[in-house]
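Summary of structural features
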Amino acid sequence: MKILLVSGFLGAGKTTFIKEMAKNINLEFVVLENEYADIGVDKDFLDEKNLNVWEMLEGCICCSMKGDFKLSIKRIYSEINPEYLIIEPTGVGMLSSIIENIKEINIKDIEILNPLTLIDITSFSEYLETFNNFFIDNLKNTGKVILTKLENSFPLEIENIKNEIFKINNSNLEIITTDYRNFSKDWFGEILNKNIDNKIIDKNFSLKTHINLRTFSKENVNLKTMDELGLFLNKLVNGDFGKVYRAKGIVKIDGFWGKFNLVYKNFEMEPITDAKKTKIVIIGNNLDIESLKNI
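Let us look at the structure shown here. Everything numeric here is computed off the predicted structure, so don't read it as measured data. (Residues numbered from 1 in each chain as written. Predicted model: local features only at pLDDT ≥ 70, side-chain atom pairs only at ≥ 80, totals over all residues. Heavy atoms only, no water.)

Ile119, Tyr127, Phe135, Val145, Leu147 and Ile165 are the most contacted members of the largest nonpolar core, which has 24 residues in total. Elements with a contribution of two residues or more to this core: helix H5 (124-130), helix H6 (132-140), strand E7 (144-148) and helix H7 (155-168). Residues within four places of Phe135 in sequence aside, it is in contact with Phe9, Ile119, Phe124, Tyr127 and Leu128. (Core = buried A, V, L, I, M, F, W, Y, C linked by side-chain atoms within 4.5 Å. Buried < 20%, exposed > 50% of the residue type's maximum accessible area, 1.4 Å probe, protein only. Helix = DSSP H or I, 4+ residues; strand = E, 2+ residues; numbered from the N terminus. Contact = heavy atoms within 4.5 Å.)

Structure (structure tokens):
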């Protein structure tokens, strides 16, 4: 079983990337989701027919849930034994620690592939400052960086971010600065054929450095019109409920289902065909939980 870590900070587009990979690679994947909240949302978005999604909720696999994490991998290996296991860690975990946790499993037939990291360039400076140790640890221990949210960026801005990344990791790191959705099936295939052999893990982890973000999650959300949803998302962006770094959810409005994604100061909404229930997850600092409960 080959394990691919698809890492990245809050809202970088990991789930979208995994879906695109599944479309391009005609193989059965198991995806292990490490959701930050006690209600999972990403599983509803990973609806490709060749994806089998497992969720680990309410905890981080780099520290507090490391035992459960290793047990989950062992179960996937023994019960399903897929050719590929894709792990999508929560956006605020130490990549170095996650890699070490997998290595401790010590099963001969488990191979770790070269990790890749997605970075939303519109949030790069904010996340580098706010999540400094985590962000740097991720960049030091990844093998490939894919920049996302490139649509409204200028070439000079992209080049500056590349230079900042190379200051942190200049050891043959590959940085993708074009939209991966335009790449060929062969490009996705190459990702699944590069292992992590001879990579020195740059450890920079301790419980003292772990970030204590607050999470709010709720099912059966009572938003009945698009105006209500738009007003709610604008309040999240404007800081009415605290500093929100990430929010995502599924809603039903006027009989139609839709999903929304919010990353720092930007949000987007799009229709979906169906869902079982409405639910939202919000991650940030100093969240006004009592006000959010009344949504």
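Back to the write-up after that little detour.
Evaluation of the coordinates by the stated rule reveals 8 aromatic pairs. Between Phe17 and Tyr180, the aromatic rings sit 5.0 Å apart at their centres with planes inclined by 75°, giving edge-to-face as the arrangement. Residue Phe17 is found in helix H1 (residues 14-24), and its partner Tyr180 is found in the loop between strand E8 (174-176) and helix H8 (185-191); the two are separated by 163 residues along the sequence. Relative accessible area serves as the criterion here: at 0%, Phe17 is assigned to the buried category. Residue classification places Tyr180 among the buried positions, given a relative accessible area of 6%. Between Tyr127 and Phe131, the aromatic rings sit 5.3 Å apart at their centres with planes inclined by 65°, giving edge-to-face as the arrangement. Phe131 shares its class with Tyr127; the two are buried. Taken together, Phe17, Tyr180, Phe183, Trp187 and Phe188 form an aromatic cluster joined through their ring pairs. (Phe/Tyr/Trp six-rings, centres within 6.5 Å; stacked < 30°, edge-to-face > 60°.)

It is worth spelling out the sheet that holds strand E9 (residues 214-219) at this point. Judged by pairing direction, the sheet is antiparallel, and its 5 strands sit side by side in the order E9-E13-E10-E11-E12 without closing on themselves. Two strands lie at the open edges of the sheet, namely E9 and strand E12 (266-271), each paired on one side alone. The mean inter-strand angle of the sheet, taken between neighbouring strand axes irrespective of direction, is 10°. Inspection of the sheet shows E9 paired to strand E13 (residues 279-285) by 6 bridges, in the antiparallel sense. Looking across to E13, one finds that Arg214 is bridged to Gly284. (Pairing = 2+ DSSP bridges. Axes fitted to C-alpha atoms, helices over the stretch in contact; angles between N-to-C directions.)

The next point concerns the pattern of salt bridges. Pairs can form between side chains of opposite charge once their charged atoms are near each other. Here the structure, examined in full by the defined rule, presents 10 salt bridges. Here Glu104 makes a salt bridge to Lys70, at a shortest N to O gap of 2.6 Å. In this pair, Glu104 is assigned in the loop between helix H4 (95-103) and strand E5 (111-112) and Lys70 in helix H3 (residues 66-79), connecting sequence segments 34 residues apart. The class of Glu104 is partly exposed, set by a relative accessible area of 48%. Classification of Lys70 as buried rests on a relative accessible area of 18%. The salt bridge involving Lys167 is made with Glu164; its shortest N-O contact spans 3.2 Å. Remark: Glu164 and Lys167 occur in helix H7; sequence separation between them is 3 residues, near one turn of the helix. (Salt bridge = Lys/Arg side-chain N within 4 Å of Asp/Glu carboxyl O.)

A word on H6. Within H6, the full set of buried residues consists of Phe134, Phe135, Ile136, Asp137, Asn138 and Leu139. Looking at the packing, one finds that the buried side of H6 touches strand E1 (2-8), H4, strand E6 (116-120), H5, E7 and H7.

In terms of residue burial, H1 counts as a mostly covered element, since 9 of its 11 residues are buried. Where H1 is concerned, the buried positions are Lys14, Thr15, Phe17, Ile18, Lys19, Glu20, Met21, Ala22 and Asn24.

This paragraph deals with the pairing of E7. The element E7 is extensively covered by neighbouring structure, given that 5 of its 5 residues are classed as buried. The side-chain alternation of E7 yields two buried faces, one formed by Lys144, Ile146 and Thr148 and the other by Val145 and Leu147. The sheet contact formed by E6 and E7 spans 5 bridges and is parallel. By the bridge assignment for E7, Asp120 is matched with Thr148. After leaving E7, the chain enters H7 and then returns to the sheet as E8, a path that is right-handed. (Right-handed = clockwise from strand over helix to strand, strands pointing away.)

Scope: geometric values only; no functional claims are made or implied.
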